[in-house]
Amino acid sequence: MLSGLPAVLINAALISALYALIAIGFTMIFGVGGVLNLAHGALLMAGAYVYLLLARDTISVPVFESMTLHPLLAFPLAVVIVAVLSYLLYAVIVQFVEDNPVVTFLATIVVALAATEVVLHYAGSATHTYTLIPDGMLPSTIDIGPVDGILTVDVVGFVVSWISIGLLWVYVTKTDSGRAIRATSMTERGAQLTGVNVHAVRARTWLVAGALAGIGGVFLGASTSATPNMWLHPLSLAFIIVVIGGIGSIKGSIVAAYLIGFLQTGVGEYLGQNFRGILSLVLLVIVLFVLPQGLFGREFDHE
Amino acid sequence: MSTLAGCVPGGGGGGGDAEGPITIGHLAPLQNPLGVGSKRTANMAVDQISENGGIMDEEVDVIHADTEGNPGTAESEAERLVIEEEVDVMVGTFVSEVTQAIMDFVAQEGVPLIVTGSAAPSTVTEFIGDDYDQYKNFFRTGPINSNFQAEAMVNYVNHLNELHGWDSFALLADDAAWCQPFVDTLPGALDEEGYDLALNQSLNINIDDFSPVINDVVESDADAVIRFFAHINASPFLVERAQRELTFGIEGIHVTGMHPAYAQLTEGAATYETTSQSGGGGTTDITEETLPFVEAYRERFADSDPPVGHPMYMGFNTYDAINVYKEAVERGGTWDYANDLDGIVEAMLETDHTGVAGQIQLYGQDAEYPHDAMETRDDEGTISNFPITQWQPQGALECVYPEQHATAEHMEPTW
């Protein structure tokens, strides 16, 4: 039976991996363009609903009839589509207003609210759930050590999370195109002086962040359910994680995601579910007072 | 009475001149499938009444207002309905906190309010039960309040015990007003019947991670979970339970699970979950009116957006409430609440209406729950207007309790 510390630790690790996927894209976009993308949650939601559209026939939209693709096909397709949506969000709206933080703030929240309305219109407010692991491919639960009955989809989410983080790490440290992203997030002027095309970097960042949000969204929908308001909580979570980890720091986001994941799960288990969210907020306030730049953040200097 | 009349601005609605049309204001969360169903059945009731000559030969209209499940929005919408739209009666409201938020305004205006969605007993006891004259324009024609629901739940648990030998239960509830009776009375009642209460938790209505709760249930070794979720969407709970192939029963109330396509929407994860719901999900003839009503709904909205098969519980109650109001107005000969609220109240209290959700009668002034829907009881005194449905394999929805309405036997989960 699932009980005691091992179960708590494993659950915490699994949920933290999802939190990391949710937060990294958010922090990258802030790091590179200084843009607080409040539509980040909407991109997560897009991941879940695009997957539903591709893999299940419970919703349909005009032009694009819903289909029932195999999950192994539907998943990467959904991720690509969300990445493109994210890119379009930048190319069509954000790039024209990004110099004005207030307008960007408003524009992205409007996009998020509009996305909610679109989902409500086509999919209704009913809850949609889906299984990501095809029948017969893997058992639906697995045992890890003394803990049994762990959902396979959560474990796959954990693995995919770390593969994504690994690939992202290789990309931003080993390739010129990725290093340009990192350089721009360190100092935009410095990057420009070394010949980096900052506009192209930003567009690329939105694409990569969108892909990560797509992955996170598909797994989020699979482990909870797809509803028109599913973006709200993850967005606030991303905020907390990014502030604690240090705004703009990928490493910080990962560490903070695990910190929050373990904290929430532990508090939920030992103090009661109603306290789950509160301690994260307390931690947020402490970090803001004691370590305003976050665990791995630097003082920001966007000129 | 005269003090109330003085408060009504400009003799709103049918108030001053008592001329038609008679306008019904319908309040519900219209973006929720529950509210959509309620809106449609309100339209059905009004159309049918109009086809049959209206109410006292007057035309009947309905105006829908979206509460968004939010007390603040509900207050401004209620004001709009009464003051701008001059409605003669209001029906609806789902969330108990929403109902209670508009209570004082509605009492001050005197416009009759017939509640069809929210179940908290405190909506009666803390208002009309406390100050009858102030709140006497309030009525609830269904669902039965959650004190009765708690009593009915104990009868149902006895039934499950006879059927499967279940004797230990885990209690989970929304941390919200309507659940208070379940949290307060069920533990003692179950104990009295000799059952073991293995777990008792009120859950934050914003819960998003059910794994710890499921682990607690597994650890408690309960035979079944009795959960009361109107705010909480327990779909992830069901998915996890199905994937882990856990065999505890899932009983009680789950409003999200009343969606007619719920088994399909959850890819079958809902299988074996039960919920009590007014109208019994249109599966069974609670009264002779139920199935013809469901058939008419199905026909009329076959090509509409979901929910298509049948409305959710509030839709049954809203349809009944409008018909109850019609009969009361005709019986009392008035819909003029500004000048003759007492006439309307008196006529409402004489209600004995065969509705689609059950036989509807209301408690009188001196009852414990004035103007509240009466529970109906069978020969043995068991509450019978509390039908329970179960999602059975292949997405079949069946009524499993009470026995006189059951279409199938309750199934124990096996995977």
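Residues numbered from 1 in each chain as written. Chains lettered and ligands numbered in written order. Predicted model: local features only at pLDDT ≥ 70, side-chain atom pairs only at ≥ 80, totals over all residues. Heavy atoms only, no water.

Caption draft 1: The overall build of chain B, seen in detail. Assigned secondary structure in chain B consists of 14 helices and 14 strands. In terms of overall size, chain B behaves like a compact globule, its C-alpha atoms giving a radius of gyration of 21 Å where 415 residues would be expected to give roughly 22 Å. The C-alpha extent of chain B, read off along each of the three principal axes, is 65 × 45 × 40 Å. For chain B, the proportion of its 415 residues judged to be buried stands at 63%. In the form shown here, chain B has an accessible surface area of approximately 14,100 Å², with 40% of it arising from carbon and sulfur atoms. Within chain B, the 72 negative side-chain charges are centred at a point lying 5 Å from the centre of the 13 positive side-chain charges. (Helix = DSSP H or I, 4+ residues; strand = E, 2+ residues; numbered from the N terminus. Rg over C-alpha atoms; globule rule 2.2 N^0.38 Å. Buried < 20%, exposed > 50% of the residue type's maximum accessible area, 1.4 Å probe, protein only. Areas by Shrake-Rupley, 256 points an atom, 1.4 Å probe, with all protein chains shown as cover. Lys, Arg positive; Asp, Glu negative; His and termini not counted. Charge placed at Lys NZ, Arg CZ, Asp CG, Glu CD.)

Caption draft 2: The interface of chain B and chain A, seen in detail. Listed per partner, the contact involves 29 residues of chain B and 32 residues of chain A. Here chain B meets chain A over a buried area of about 2,600 Å², counting both sides, of which 48% is carbon and sulfur. Among the residues chain B hides against chain A, the three largest losses belong to Gln243(B), Leu265(B) and Glu267(B). Together they make up 24% of the total. At the boundary of chain B and chain A, one finds one salt bridge. In this structure, the salt-bridge partner of Glu267(B) is Arg56(A), at a minimum N-O distance of 3.6 Å. There are nine residue pairs in polar contact (both at pLDDT 80 or more) connecting chain B and chain A. (Contact = heavy atoms within 4.5 Å. Buried area = accessible area lost by both parts, 1.4 Å probe. Salt bridge = Lys/Arg side-chain N within 4 Å of Asp/Glu carboxyl O. Polar contact = N/O pair within 3.5 Å; in protein donor to acceptor, adjacent residues only side chain to side chain.)

Caption draft 3: Spotlight on the packing of aromatic side chains. Residues and elements named next belong to chain B. Across all of its chains, the model carries 20 aromatic pairs over all chains by this definition. For the pair Phe237 and Phe248, a centre-to-centre distance of 6.4 Å together with 65° between the ring planes defines the contact as edge-to-face. Of the two residues, Phe237 is situated in helix H10 (residues 235–243) and Phe248 in the loop between H10 and strand E9 (249–254); the sequence distance between them amounts to eleven residues. Measuring from centroid to centroid gives 5.3 Å for Tyr272 and Trp415, while their planes differ by 90°, and the two rings are edge-to-face. Taken together, the residues span a long stretch of sequence, with Tyr272 in the loop between helix H11 (262–265) and strand E10 (274–276) and Trp415 in the segment after strand E14 (396–401) at a distance of 143 residues. (Phe/Tyr/Trp six-rings, centres within 6.5 Å; stacked < 30°, edge-to-face > 60°.)

Caption draft 4: Representation of the pattern of salt bridges within the structure. Considering all chains together, one arrives at 15 salt bridges over all chains under this definition. Across the pair Arg227(B) and Glu273(B) runs a salt bridge, and its minimum N-O distance is 2.7 Å. Taken together, the residues span a long stretch of sequence, with Arg227(B) in strand E8 (residues 224–229) and Glu273(B) in the loop between H11 and E10 at a distance of 46 residues. Of the two residues examined, Arg227(B) and Glu273(B), each falls in the buried class. Note that Arg377(B) and Glu375(B) form a salt bridge whose closest N and O atoms lie 3.0 Å from each other. According to the relative accessible area criterion, Glu375(B) is buried, its value standing at 13%. Counted as one network, the salt bridges with shared partners bring together Glu98(A), Glu188(A) and Arg202(A).

Caption draft 5: Quick look at the pairing of E9(B). Residue and element names in this part refer to chain B. When you tally the buried positions in E9, you get six out of six residues, the bulk of the element. Both E8 and E9 contribute to a ladder of six bridges, which runs parallel. Across the sheet, residue Val225 finds its bridge partner in E9, namely Ile250. In this view, the connection linking E8 to its parallel neighbour E9 by way of H10 has right-handed handedness. (Pairing = 2+ DSSP bridges. Right-handed = clockwise from strand over helix to strand, strands pointing away.)

Caption draft 6: Expanded view of the packing of helix H2 (residues 40–55) of chain A against helix H4 (residues 101–123) of chain A. Residues and elements named next belong to chain A. Closest axis-to-axis distance for the H2/H4 pair is 9 Å, and the angle between their directions is 20°. Accordingly, the angle class assigned to the pair H2 and H4 is roughly parallel. Crossing of H2 against H4: the hand is left-handed. Together, Ala42, Met45 and Tyr49 of H2 and Ala112, Ala115, Thr116, Val119 and Ala123 of H4 make up the contact between the two elements. Class assignment for the residues of the contact of H2 with H4 results in seven nonpolar, one polar and no charged. (Axes fitted to C-alpha atoms, helices over the stretch in contact; angles between N-to-C directions. Parallel < 35°, antiparallel > 145°, perpendicular 65-115°, else oblique. Left-handed = near helix turned anticlockwise from the far one by under 90°. Nonpolar A, V, L, I, M, F, W, Y, C, P; charged D, E, K, R; others polar.)

Caption draft 7: Just the nonpolar core, in detail. In terms of nonpolar packing, the biggest core is built from 104 residues, with Met90(B), Trp178(B), Leu186(B), Phe228(B) and Val255(B) touching the most fellow members. No other element matches the ten residues that helix H13 (residues 313–332) of chain B contributes to this core. Residue contacts for Val255(B): discarding those within four places in its chain leaves Leu34(B), Phe94(B), Phe229(B), Ala230(B), Met312(B) and Tyr313(B). Residues Ile15(A), Met28(A), Ala39(A) and Ala213(A) belong to the second largest nonpolar core, which totals 85 residues. (Core = buried A, V, L, I, M, F, W, Y, C linked by side-chain atoms within 4.5 Å.)

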